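# Commentary on secondary and tertiary structure
Spelled out, the chains give:
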Amino acid sequence: LQGDWSSDVCSSDLTKKYKIIDTQSLDTNKSENVRQAMETFKILDNISNIKKLSIYKNPIVANVPLIVKKTNQLTMDDVAQNKFLPHSFLNTTCQQLFDCVSGKKFILNDNTFPDFSKAIEYSIATPGCWCNTKLKDKSTEFNPNEPNIKETYLRITLGKNNGESPGIPYVMEIWPSGHYSPVHSHANASAIIRVLHGTINVKLYPFLASDNTVKEFSVANFKKNDVTWITPELNQTHQLTNINDKKTCITIQCYMYDKDNHKHYDYFDYIDSSGNIVQYDPDSDMDFVEFKKLMKTEWDNRP
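Residues numbered from 1 in each chain as written. Predicted model: local features only at pLDDT ≥ 70, side-chain atom pairs only at ≥ 80, totals over all residues. Heavy atoms only, no water.

Let us look at the overall build of the protein chain. Per the secondary structure count, the protein chain includes 8 helices and 14 strands. Across the 303 residues that make up the protein chain, the buried fraction comes to 46%. For the protein chain, long-range pairs separated by at least 24 residues make up 68% of all intrachain contacts whose partners lie at least 6 apart in sequence. Accessible surface computed for the protein chain: about 16,300 Å², of which carbon and sulfur atoms make up 49%. (Helix = DSSP H or I, 4+ residues; strand = E, 2+ residues; numbered from the N terminus. Buried < 20%, exposed > 50% of the residue type's maximum accessible area, 1.4 Å probe, protein only. Contact = heavy atoms within 4.5 Å. Areas by Shrake-Rupley, 256 points an atom, 1.4 Å probe, with all protein chains shown as cover.)

If you want it as structure tokens, here you go:
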């Protein structure tokens, strides 16, 4: 169970709501009581709106940091205050993805196109340009009967699909101001997300619920060069929103199945406007190499 232990999981109504057998009354101010209570869990039943519920051997008794930093970037204060997750604490799959996209040269505006981010902003804002047109075309992507251009973002893929991830493993996602994703989960894949431009707001949910009544347990804002993470057990379900009213956000999203995951589920599940859990095929809007060429052409030919 992932969430706020003090107010949600360890409330006095827990045993009534979930009919937990053989538990003791909890003093939520003492983490030792939380640990002891978790060790007594035997049966959970009468949970009608949850398809799958997992209880892991080690309970989460403190917030797990959402921002990853390389070990050589951490100070003693960082560790003492539990502010960042050392990259060595990531699982093997996340470490592999982190190493691919965390380098100093993995940037948007490089020597080959120093105005790349400006060109993307221009393409979004200019009628007739590719980004502007594509966003309008995608306005019914998540809810075919209710067009909503704000519930859109662009997926620019890097490389090929090797069958080891839900869709192509490396995706540059473009989030114009005010645009957002539906609440969705990530096919039990491990993932790394790095902000390349702007800022992104992330809400984390414990699971997808078809009645759409489950509240987020954590909200965080990530700025340029921040790196966050997803595993099959933690942070798997979220919603991304660009809350900046002036600047586009651009992220690199990296997904991969762990080696012991033998189920290839090639979709993301999301909650639609009617509260239903629906499959989304994470396809590509354009290849990165072709996209960069197109943005440079539009930028060079602007009035």
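Next, the rest of the story.
The next point concerns the pattern of salt bridges. This model, assessed by the stated rule, comprises 7 salt bridges. Between glutamate 173 and arginine 155 there is a salt bridge, with its nearest N and O atoms 3.0 Å apart. On the criterion of sequence distance, the pair formed by glutamate 173 in strand S4 (residues 170–175) and arginine 155 in strand S3 (residues 154–158) is long-range, its members being 18 residues apart. Take glutamate 173: its relative accessible area is 2%, and that puts it in the buried class. Here lysine 296 and aspartate 300 are joined by a salt bridge, their closest N and O atoms 3.1 Å apart. Linking lysine 296 with aspartate 300, this pair stays in helix H8 (residues 288–300), spanning 4 residues, or about one helical turn. (Salt bridge = Lys/Arg side-chain N within 4 Å of Asp/Glu carboxyl O.)

The geometry of helix H6 (residues 116–125) relative to H8 is characterised by a closest axis approach of 9 Å and an angle of 75 degrees between their N-to-C directions. Considered as vectors, H6 and H8 are oriented roughly perpendicular to each other. Only Phe288, Phe291, Lys292, Met295, Glu298 and Trp299 of H8 make contact with H6, whose side of the interface consists of Phe116, Lys118, Ala119, Ile120, Tyr122 and Ser123. Residue composition of the contact of H6 with H8, grouped by class: 8 nonpolar, 1 polar and 3 charged. (Axes fitted to C-alpha atoms, helices over the stretch in contact; angles between N-to-C directions. Parallel < 35°, antiparallel > 145°, perpendicular 65-115°, else oblique. Nonpolar A, V, L, I, M, F, W, Y, C, P; charged D, E, K, R; others polar.)

Here we come to the pairing of S3. Counting buried residues along S3, 4 of its 5 residues qualify, which places the element largely inside the surrounding structure. Here S3 runs beside S4; their pairing, made up of 5 bridges, is antiparallel. Looking at S4, one finds that threonine 157 is bridged to valine 171. Bridge analysis of S3 against strand S14 (residues 286–287) gives 2 bridges, and the strand direction is parallel. (Pairing = 2+ DSSP bridges.)

As a further point, take unusual backbone geometry. The phi angle at asparagine 82 is positive, at roughly 55 degrees, despite the residue not being glycine. With respect to the helices and strands, the residue asparagine 82 is situated in the loop between helix H4 (76–80) and strand S2 (85–86). A residue is classified by how much of its surface remains accessible, and asparagine 82, at 39% relative accessible area, is partly exposed. Even without glycine at this site, asparagine 188 takes up a positive phi of about 60 degrees. Within the fold, asparagine 188 resides in the loop between strand S5 (184–185) and strand S6 (190–197).

So, on to the sheet that holds strand S9 (residues 227–230). Sheet strands associate in pairs through backbone hydrogen bonding, adopting either a parallel or an antiparallel arrangement. Overall, mixed pairing links the 6 strands, which are arranged S9-S6-S11-S4-S3-S14 in an open sheet. Strand pairing shows two members of the sheet lacking a second neighbour, S9 and S14, which therefore form its edges. Direction of pairing for S6 relative to S9: antiparallel, over a ladder of 4 bridges. Pairing of arginine 194 across the sheet is with valine 227, part of S9. Contacts from helix H5 (residues 92–101) reach S4, S6, S9 and strand S11 (249–256), with the element oriented near 20 degrees to S6. Most of the contacts of H6 go to S4, to which it runs at about 55 degrees, and overall it touches S4, S6 and S11.

The subject of this paragraph is the confidence of the model for the protein chain. In the predicted model, the protein chain carries a mean pLDDT of 84, and 79% of its residues have values of at least 70. Note that pLDDT drops below 50 for residues 1–24; the model gives that stretch 49 contacts with residues more than four away or on any other chain. (pLDDT = per-residue confidence, 0-100.)

With that settled, consider empty space enclosed by the protein. Evaluation of the coordinates by the stated rule reveals 5 cavities of 30 Å³ or more. Leu66, Ile193, Val202, Leu204, Ala220, Phe222, Thr228, Trp229, Ile230, Asn235 and His238 together form the lining of the largest cavity. Of all the secondary structure elements, the ones that give two or more residues to the lining of the largest cavity are strand S7 (200–205), strand S8 (218–222) and S9. For the lining of the largest cavity, the residue count by class is 8 nonpolar, 3 polar and no charged. (1 Å grid on protein atoms, 1.4 Å probe; cavity = no way out; pocket = protein on both sides within 12 Å on 5 of 7 lines; lining within 4 Å. Points joined across faces, edges and corners; volume = space filled by probe spheres on them.)

Using the criterion set out here, one finds 12 aromatic pairs in the structure. With a centroid separation of 6.1 Å and an interplanar angle of 45 degrees, the aromatic rings of phenylalanine 116 and phenylalanine 291 are classed as tilted. In this pair, phenylalanine 116 sits in helix H6 while phenylalanine 291 sits in helix H8, placing the two residues 175 residues apart along the sequence. The two residues phenylalanine 116 and phenylalanine 291 agree in class, both being buried. (Phe/Tyr/Trp six-rings, centres within 6.5 Å; stacked < 30°, edge-to-face > 60°.)

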